[in-house]
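# Structure assessment
Below, each chain spelled out in residue letters.
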Amino acid sequence: MAMTDFTIISRSLTSRLFSTVTTIITVAVAVALMIVLLSMRTAGQDAFQRGAGNMHMLVSAEDSPLVAVLNSVFYASAPRQAIPWSKYREITEGLGIPWEFAIPNQQGDSYRGYPVMATTEAFFTRFEPHPGVEWSFRAGRRFERSFEVVIGAEVAAGTNLQIDDEIYLTHGIEDSRQRRIFGRADEVHMEPHVHDDYAYRVVGILEPTGSPHDRALFTNLESTWVIHAHDIRRAADPSVTSTTAADLRDADRLITGIYLRVGTRPGRTLSAAQQQVYDTLRRDTTITVADPHFEIQKLFRIVSNIDQIFIAMAAVVLLSSGIAIMLALYNTMEQRRRQIAILRVLGCSRPRIFGLVLTESALIGLLGALAGVVLAFIGMFAVAEMMKQTLGLVIEPRLEPVWTFVMVMASILLAALAGVVPAAAAYRTTVVAHLRPLG
Amino acid sequence: MTTPLALEIHELRFRYPGTPSAAWTVDVPSLELGRAEPVLLQGGSGTGKSTLLFLVAGLMEPQHGRVLINGENIHQLSGEKRDLFRGRTVGMIFQTFNLLNGFTALENVLAALMFSDLPPRNHRDRATSLLDSLGIDRPNQLVERLSVGQQQRVAAARAVACEPALVLADEPTASLDPANAEVAMDLIQKVTLEARAALLCTSHDPRLATRFERIVDLEALSSQSEPAAATLELSTDRAEEKPE
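Residues numbered from 1 in each chain as written. Chains lettered and ligands numbered in written order. Predicted model: local features only at pLDDT ≥ 70, side-chain atom pairs only at ≥ 80, totals over all residues. Heavy atoms only, no water.

## Digging into the environment of A:Arg89
All names here are of chain A. Applicable threshold: Secondary structure counts use DSSP, requiring at least four H or I residues in a row for a helix and at least two E residues in a row for a strand, with both numbered from the N terminus. To sort residues, take the accessible area from a 1.4 Å probe on protein chains only and compare it with the maximum for the residue type: under 20% means buried, over 50% means exposed, and anything in between is partly exposed.
Along the chain, the position of Arg89 falls in helix α4 (residues 85-93). For Arg89, a relative accessible area of 41% corresponds to the partly exposed category. Taking the C-alpha atoms as reference points, Arg89 and Ala102, 13 residues apart in sequence, are found 10.0 Å from one another.

If you want it as structure tokens, here you go:
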């Protein structure tokens, strides 16, 4: 096989391996940063929208709609305020609104750090984690009676729980070491309390949905009310050994959120009455009404400024990586002038020498970009995991093809531009001066 | 139609910038080399022997005169065409070999073939057989790891790889002891003879005189030049490359 320009370029790159590798790493980090930021922006927004499923509205007692959405939909932390059952009845029966569903839920307990949502069967029969996609069970069934629990796909993976296993729920979010349910400030910073008088039996394991609900457990409201009522009754009277649904008082029947959907025409996702319903609910000052999709957009408007700063920083890193390429090539040019002079003697033209250096520079850009794509993919898994742990946001790590292509091309172009100065220096190399001694 | 000579030099004059206008660094009224003819160009240090070789190779631009290789005036060719022409017609051997470090012996020869007009599919065979004929048994060894003698052989193989009409050897024995100088000259003359290339070898070593039938003394040659020639107009706009 004949020798090609590529042989000359690859020899040049490998002859100064350390410089080549560090320059490639610089480019890779910049490209990865840009790809992660640009891809995650879209993926993050999708993930947030996905969590809200097919609900139109969320009612909670939190102070702000955004906090309500983050806590009640994304399990960011246990809701601080509770809604009495009478309020639920009033909303669902007293306002004359044609609800397609109104699903009450209560959060505050956990199992090994995974949040527990107490709700009704309608959560599985009416609410869809993705609009148009129903719940699917990998094993078992949905809960049908008290003290049965269904676990999300991620809980199953993280705890290795199987059907018929028995578990005990912890009061509050165990990881936080704080009991922050229903605003009982006196309990803050206490050690977690396990509801060990009542065992729950695992009856169902869900398929992954790519929504925050994958990392939650689901049980019915009645059992949750019973275990909390039991604690209160025992605190008042230590001789109490058992509590049943018959012992529940109105004060025990508390919820932290309601997933709402207004009736729509077949095939439609939105209802014309939605705004009117929203306004009606907002007149009640004891509750907070949130449109999850709107709140998510609002959140993204808030974070987009920070987002843009990050992208600008990544662009600066990319630019400096271009300068690094230029310096790396330029600094070695003095050592390479003899090689260039020899090539000229052998018949290599000045334009071809220029092209060789420019191609070498572009190749560094290409290798850096490809390494950056790999790095971005790894980085996105890390970011996705972090988002899942901290926000409960399930982000599907995927490279946006358009942004990936744009970044790879931009990297090559920038590297080629950075190669112009050293290539010009190579072009100007005088043969005679670098092939001394002269007679 | 007669076959052109390997090399014809007519009224070639060159001076470095800053040199007094009456003095030429190179002043060759006429010099011709026939096909496959070996010629020793002698002269003391600083007489312009190497400069003459660079002028002949088209790597420097004379102020006056013509250099014809295979009947083609190399200085009338534009940049890229001249480089291609040199790559196909001229081979060069240097005192310090000037091999491409970081490349193997085989790649050094292949690098010369890259710019030749030989079909690429034949490059490897040609390079391998050349190196083999010169006793290089490790063609895939990096040249900087070869002995001095082997490096010289690689340089010789590279010079004749493109089947040139003319090989220019610049003081090939200057840094060698007498025994090695003999070996080196044996090698250079052997490869150029086998390649049917003319050889213009510069040296200030009088011992080489016995090896050549034709010897040209550069100083004597310069003294034959017309004095008026020293006053010729300079055409600096043609200068492609000037030494630093």
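Moving on from the model shown.
## Here we look at the packing of aromatic side chains
Put simply, the rule is: Stacked, tilted and edge-to-face are the three classes applied to pairs of Phe, Tyr and Trp rings, where Trp contributes its six-membered ring and a pair requires centres within 6.5 Å; stacked means planes under 30 degrees apart, edge-to-face means over 60, and tilted covers the rest. Here, a charge over a ring is recorded when the distance from Lys NZ or Arg CZ to the ring centre is within 6 Å and its angle to the ring normal is within 35 degrees.
Counting across every chain of the model gives 21 aromatic pairs over all chains. Taking the centre distance of 6.2 Å and the plane angle of 90° together, the rings of A:Phe354 and A:Tyr427 count as edge-to-face. Highlighted residues: A:Phe354 in helix α10 (residues 350-391) and A:Tyr427 in helix α12 (residues 420-427), separated in sequence by 73 residues. Clustering of aromatic rings is evident, with ring pairs tying together A:Phe101, A:Phe123, A:Phe124, A:Phe127, A:Trp135, A:Phe137, A:Phe143, A:Phe218 and A:Tyr259. Taking the ring centre of A:Tyr427 as reference, the NZ or CZ of A:Arg350 above it sits at 5.6 Å. Above the ring of B:Trp24, the side-chain terminus of B:Arg15 is found at 3.9 Å from the ring centroid.

## Thoughts on the sheet that holds strand β2 (residues 26-33) of chain B
Residue and element names in this part refer to chain B. So the rule is basically this: The pairing criterion for strands is at least two bridges between them, as found by DSSP. In what follows, residue pairs with any heavy atoms lying within 4.5 Å of each other are defined as contacts. Angular values range over 0 to 180 degrees, each being the angle between N-to-C directions of two axes fitted as lines to C-alpha atoms, with helices fitted over their stretch in contact.
Taken in spatial order, the four strands line up as β2-β1-β4-β5 in an open sheet, and their pairing is antiparallel. Edge positions in the open sheet fall to β2 and β5 (72-73), since each of these has one partner strand only. Across the face of the sheet, helix α1 (residues 49-56) comes into contact with β1 (7-14), β2 and β4 (64-69) while running at roughly 120° to β1.

## So, the domain arrangement of chain A
What counts is decided by this rule: Residue ranges for the domains originate in an automatic or database domain assignment.
Segmenting chain A into domains produces domain 1 (5-47 + 299-434) and domain 2 (57-290). Computed from C-alpha atoms alone, the centre-to-centre distance between domain 1 of chain A and domain 2 of chain A is 49 Å.

## Some remarks on the pattern of salt bridges
Residues and elements named next belong to chain A. For clarity, the cut-off: Any Lys or Arg side-chain nitrogen found within 4 Å of a carboxyl oxygen on Asp or Glu counts as a salt bridge.
Throughout the structure, instances matching the rule amount to 30 salt bridges over all chains. A salt bridge links Arg261 to Glu100; its shortest N-O distance comes to 3.2 Å. Of the two residues, Arg261 sits in strand β13 (residues 257-262) while Glu100 sits in strand β3 (residues 99-111), which places them 161 residues apart along the sequence. Taking the relative accessible area as the measure of exposure, Arg261 reaches 7% and is therefore buried. Connected via shared salt-bridge partners are Arg141, Glu144, Arg145, Glu148, Asp164 and Arg201.

## Here's the deal with the sheet that holds strand β3 (residues 38-42) of chain B
Residues and elements named next belong to chain B. Strand order in the open sheet formed by five strands is β6-β7-β8-β3-β9, with parallel pairing between adjacent strands. For this open sheet the edge positions go to β6 (90-94) and β9 (214-217), each flanked by a neighbour on one side alone. Neighbour-to-neighbour, the strand axes of this sheet turn through a mean angle of 20°, independent of strand direction. As defined by bridge partners, β3 adjoins strand β8 (residues 198-203) across five bridges and the pair is classed as parallel.

## Remarks on the pairing of strand β1 (residues 57-60) of chain A
Residues and elements named next belong to chain A. Because side chains alternate across β1, one face comprises the buried residues Met57 and Val59, and the other comprises Leu58 and Ser60, equally buried. By the bridge criterion, four bridges tie β1 to β13 in an arrangement that is antiparallel. Bridge pairing in β13 links Met57 to Leu260. As defined by bridge partners, β1 adjoins strand β14 (residues 288-290) across three bridges and the pair is classed as antiparallel. Paired with Leu58 across the strands is Ala290, a residue of β14.

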